[in-house]
Each structure stands twice: as structure tokens, then as C-alpha cells.
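# An overview of the molecular structure
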Amino acid sequence: MSAPEELRLLPWTAPDGKPCYLSADSDHSRLSRLADDMEVAQLDSGEQVLAGARAVLADAKAGERAVRFALTRAVESLGDALRVATSRGRRIP
């Protein structure tokens, strides 16, 4: 973290959907490393979702259910990517 008093936005939410934050003196704490790993997994998953969504959109025979499923997954992945970008942006010195 750039300063100990700053809170890190974590890549997950509380059960009620509210954001979770971490206050830590070190970027190397166990929870910080877990958050880093989760961000990487979310971004990797987003790449896979994007590839799948492109395939569905390229298929002229894809039905409404397939398109809605692809769009739903893409929206979830976009939300994850934006949360990661926000969190990382706040930690840039």
C-alpha cells in the first residue's frame, strides 16, 4: 500500500453486496496475497468469458438463451475487472 492508513478495496464483496476493504501495514500479508491471487483469477476468468461471448456473438444460430448467458457472464466479469482496476488505481503512488 502507498500509506498504511489507506484501505485496499478487496476483489470480493460482503454477503449483502457491500464492498470489503483491508487495512494492512504490508502488501505481503496473507490477506493481501489472497486478494492478489483472486484478482489474477478474476482477470483470467474474464478473458475466458470474453472469448466465449465473442464465439456466441459470432454464431448466427445462437439462441436468445445463449446470448443472455454470455451477456450475463460478461457483465459479471466487467464488474470484477472494474473493481480490480479501481483497487489497483488507488494503490498507485
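For the structure, see preceding data.
Just so it is clear, the structure is predicted and the values come from calculations on it, not from any experiment.

### Topic: the packing of helix H1 (residues 30-58) against helix H2 (residues 64-90)
In contact at an axis separation of 9 Å, H1 and H2 are set at 150° when each is read in the N-to-C sense. When the interaxial angle is binned, H1 and H2 end up roughly antiparallel. Between H1 and H2 lies a crossing whose hand is left-handed. Side by side, H1 and H2 meet where Glu39, Val40, Gln42, Leu43, Ser45, Gly46, Val49, Ala53 and Val56 of the first sit next to Ala66, Val67, Ala70, Arg73, Ala74, Ser77, Asp80, Ala81, Val84, Ser87 and Arg88 of the second. The class makeup of the residues in the contact of H1 with H2 is 11 nonpolar, five polar and four charged.

### Observations concerning H2
Compared with an ideal rise of 1.5 Å per residue, which puts 27 residues at 39 Å, H2 spans 39 Å between its outermost C-alpha atoms and is within 8% of the ideal. Taken as a whole, H2 has its buried residues at Ala70, Ser77, Arg83, Val84 and Ser87. On its buried side, H2 packs onto strand S1 (8-13), strand S2 (19-22) and H1.

### Here's the deal with the side chain of Ser32
With respect to the helices and strands, the residue Ser32 is situated in helix H1. Ser32 gets classed as buried once you look at its relative accessible area, which sits at 1%. Within the local environment of Ser32, its side chain forms a polar contact with the side chain of Ser29, the two groups lying 3.0 Å apart. Non-local contacts of Ser32, meaning those with residues more than four positions away in its chain, are made with Arg8, Leu22, Ala24, Ser26 and Asp27.

What counts, and at which threshold
- Residues numbered from 1 in each chain as written.
- Predicted model: local features only at pLDDT ≥ 70, side-chain atom pairs only at ≥ 80, totals over all residues.
- Heavy atoms only, no water.
- Axes fitted to C-alpha atoms, helices over the stretch in contact; angles between N-to-C directions.
- Helix = DSSP H or I, 4+ residues; strand = E, 2+ residues; numbered from the N terminus.
- Parallel < 35°, antiparallel > 145°, perpendicular 65-115°, else oblique.
- Left-handed = near helix turned anticlockwise from the far one by under 90°.
- Contact = heavy atoms within 4.5 Å.
- Nonpolar A, V, L, I, M, F, W, Y, C, P; charged D, E, K, R; others polar.
- Expected span 1.5 Å × (residues − 1).
- Buried < 20%, exposed > 50% of the residue type's maximum accessible area, 1.4 Å probe, protein only.
- Polar contact = N/O pair within 3.5 Å; in protein donor to acceptor, adjacent residues only side chain to side chain.

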